[in-house]
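Here's the letter readout for the chains.
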Amino acid sequence: MRDEQPFRLAVLISGRGSNLQALIDAVRSGQLRARIECAIADRKAYGLQRAAAAGIPSFQLKRDEQISENIHRWLAGRVDLIVLAGFLSILSAEFCKKWVGKVINLHPALLPQYGGKGFYGKRVHRAVIENGEKESGATVHYVTAGVDKGEIIAQQRLRLSPGESPDSLQQKIQRIEHPLLVGAIQKLMAERGARIVG
Ligand code: GRF
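Residues numbered from 1 in each chain as written. Predicted model: local features only at pLDDT ≥ 70, side-chain atom pairs only at ≥ 80, totals over all residues. Heavy atoms only, no water.

Concerning the site of the ligand
Part 1 of the reasoning: Taken together, Arg16, Gly17, Ser18, Asn19, Gly86, Leu106, His107, Pro108, Gln174 and Glu177 form the complete shell of residues around the ligand.
Part 2 of the reasoning: One of the backbone nitrogen or oxygen atoms of glycine 17 is found 2.8 Å away from an oxygen atom of the ligand.
Part 3 of the reasoning: A distance of 2.6 Å separates an oxygen atom of the ligand from a polar side-chain atom of serine 18.
Part 4 of the reasoning: Protein chains shield 85% of the accessible area of the ligand, which is 370 Å² for the free molecule.
Part 5 of the reasoning: Counting only elements with at least two residues in the shell around the ligand, the list comes to helix H1 (18-29), strand S5 (103-107) and helix H6 (166-191). (Near = heavy atom within 4 Å. Polar contact = N/O pair within 3.5 Å; in protein donor to acceptor, adjacent residues only side chain to side chain. Areas by Shrake-Rupley, 256 points an atom, 1.4 Å probe, with all protein chains shown as cover. Helix = DSSP H or I, 4+ residues; strand = E, 2+ residues; numbered from the N terminus.)

Examining unusual backbone geometry
Part 1 of the reasoning: Residue leucine 111 is joined to proline 112 through a cis peptide bond whose omega torsion reads 10°.
Part 2 of the reasoning: Residue position: proline 112 is located in the loop between S5 and helix H5 (122-130).
Part 3 of the reasoning: Of note, the phi angle at tyrosine 114 is positive, near 55°, even though the residue is not glycine.
Part 4 of the reasoning: Examined against the element boundaries, tyrosine 114 turns out to sit in the loop between S5 and H5.
Part 5 of the reasoning: Although it is not a glycine, aspartate 148 sits at a positive phi angle of roughly 65°.

Some remarks on the sheet that holds strand S2 (residues 34-41)
Part 1 of the reasoning: Strands sit in the order S3-S2-S1-S4-S5-S6-S7 across an open sheet of 7 strands; the sheet is mixed. The two strands at the open ends of the sheet, each matched to only one other strand, are strand S3 (58-60) and strand S7 (152-159). In this sheet, adjacent strand axes meet at a mean angle of 20° when their direction is disregarded.
Part 2 of the reasoning: Bridge count for strand S1 (residues 7-13) against S2 is 7 bridges, and the pairing is parallel. Residue pairing in the sheet places arginine 8 in a bridge with arginine 35 of S2. (Pairing = 2+ DSSP bridges. Axes fitted to C-alpha atoms, helices over the stretch in contact; angles between N-to-C directions.)

Regarding the environment of tryptophan 99
Part 1 of the reasoning: With respect to the helices and strands, the residue tryptophan 99 is situated in the loop between helix H4 (93-98) and S5.
Part 2 of the reasoning: Ignoring anything within four residues of it in the chain, the contact list for tryptophan 99 reads His72, Leu75, Ala76, Val79 and Ile82. (Contact = heavy atoms within 4.5 Å.)

Focus on the packing of aromatic side chains
Part 1 of the reasoning: For the coordinates displayed, the defined rule picks out 3 aromatic pairs.
Part 2 of the reasoning: Ring plane angle 35° and centroid distance 4.2 Å describe the contact between phenylalanine 59 and tryptophan 74, whose orientation is recorded as tilted. With phenylalanine 59 in strand S3 and tryptophan 74 in helix H3 (residues 67-75), this residue pair connects regions lying 15 residues apart in the sequence.
Part 3 of the reasoning: Tryptophan 74 sits in the partly exposed class, given a relative accessible area of 42%.
Part 4 of the reasoning: Ring centres of tyrosine 114 and phenylalanine 119 lie 6.0 Å apart, and the angle between their planes is 85°; on these two criteria the pair is classed as edge-to-face.
Part 5 of the reasoning: In this structure tyrosine 114 comes out as buried when scored by relative accessible area, which is 12%. (Phe/Tyr/Trp six-rings, centres within 6.5 Å; stacked < 30°, edge-to-face > 60°. Buried < 20%, exposed > 50% of the residue type's maximum accessible area, 1.4 Å probe, protein only.)

Describing helix H2 (residues 46-53)
Part 1 of the reasoning: Among all positions of H2, only Gly47, Leu48, Arg50 and Ala51 are buried. On an axial view of H2, the arc spanned by its buried residues comes to 155°, and they lie on one face. Exposed side of H2, more than 90 degrees from the buried face: Gln49 and Ala53 are the residues found there.
Part 2 of the reasoning: On its buried face, H2 sits against S1, H1, S2 and S3.
Part 3 of the reasoning: Immediately beyond the C-terminal end of H2, within one or two residues, lies glycine 55, with a positive phi of roughly 75°. (Arc of directions from axis to C-beta.)

Some thoughts on the packing of H1 against H2
The relative placement of two packed helices is expressed as an angle between their axes plus a distance between the axes.
Part 1 of the reasoning: At a minimum axis distance of 9 Å, the contact between H1 and H2 shows a crossing angle of 15°. Classified by the interaxial angle, the pair formed by H1 and H2 is roughly parallel. In this structure, the crossing between H1 and H2 has a hand that is right-handed. Residues Ser18, Leu20, Gln21, Ile24 and Arg28 of H1 form the contact with H2, whose own contacting residues are Gly47, Arg50, Ala51 and Ala53.
Part 2 of the reasoning: Per-class residue counts for the contact of H1 with H2 are 4 nonpolar, 3 polar and 2 charged. (Parallel < 35°, antiparallel > 145°, perpendicular 65-115°, else oblique. Left-handed = near helix turned anticlockwise from the far one by under 90°. Nonpolar A, V, L, I, M, F, W, Y, C, P; charged D, E, K, R; others polar.)

Quick word on the packing of H5 against H6
Part 1 of the reasoning: The interhelical angle for the contact between H5 and H6, taken along N-to-C directions, is 115°, at an axis separation of 9 Å. Here H5 lies roughly perpendicular to H6, going by the angle between them. Crossing of H5 over H6 shows right-handed handedness. Judged by residue contacts, Lys122, His125, Arg126, Val128 and Ile129 of H5 engage Pro166, Asp167, Leu169, Gln170 and Ile173 from H6.

Written as structure tokens, this is what we have:
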């Protein structure tokens, strides 16, 4: 019966996959009672090696117009939640509609500010610093067709230090992202009453 199955995750990445690693570690330690079914990248990504090292099926998809459709084909019926953890391709509106409430994204700023097309990686941190913000942070939110516009699930703020650089801010934010992402998934699982086997 469905109730006895583990909560199944797919993690989509484009880069080093430190958040994927945080999820792998959280599953391993029992902190997150879920199963990572697969990791998918849209380019050559170091994170795929992390998945392979953990024995998680992982593969790279071509970055073309069909990518959303291909992801759907791979994952439909196989996972309960898709986690975008540093995934840079934009999923189609059709995909977002089919998967509504089942895709979450991690963004390195306090949405709704500093989000949308073009706000990724260090560009986000540069803009935050240039605007003289005192705070930034990280956000986990649902994915909808409007880029970075979906409902916020969890957010964590931090204060900028004097002389903060995009690099130092990125490092600080990455440290808070890992527990934030794990906590957001735990929260969703609890809301859905996911019952998990060990
Ligand atoms: C994270 O900072 C996340 O906020 C952003 O992409 C980065 C991914 O880092 N969306 P990693 O690949 O998980 O190390």
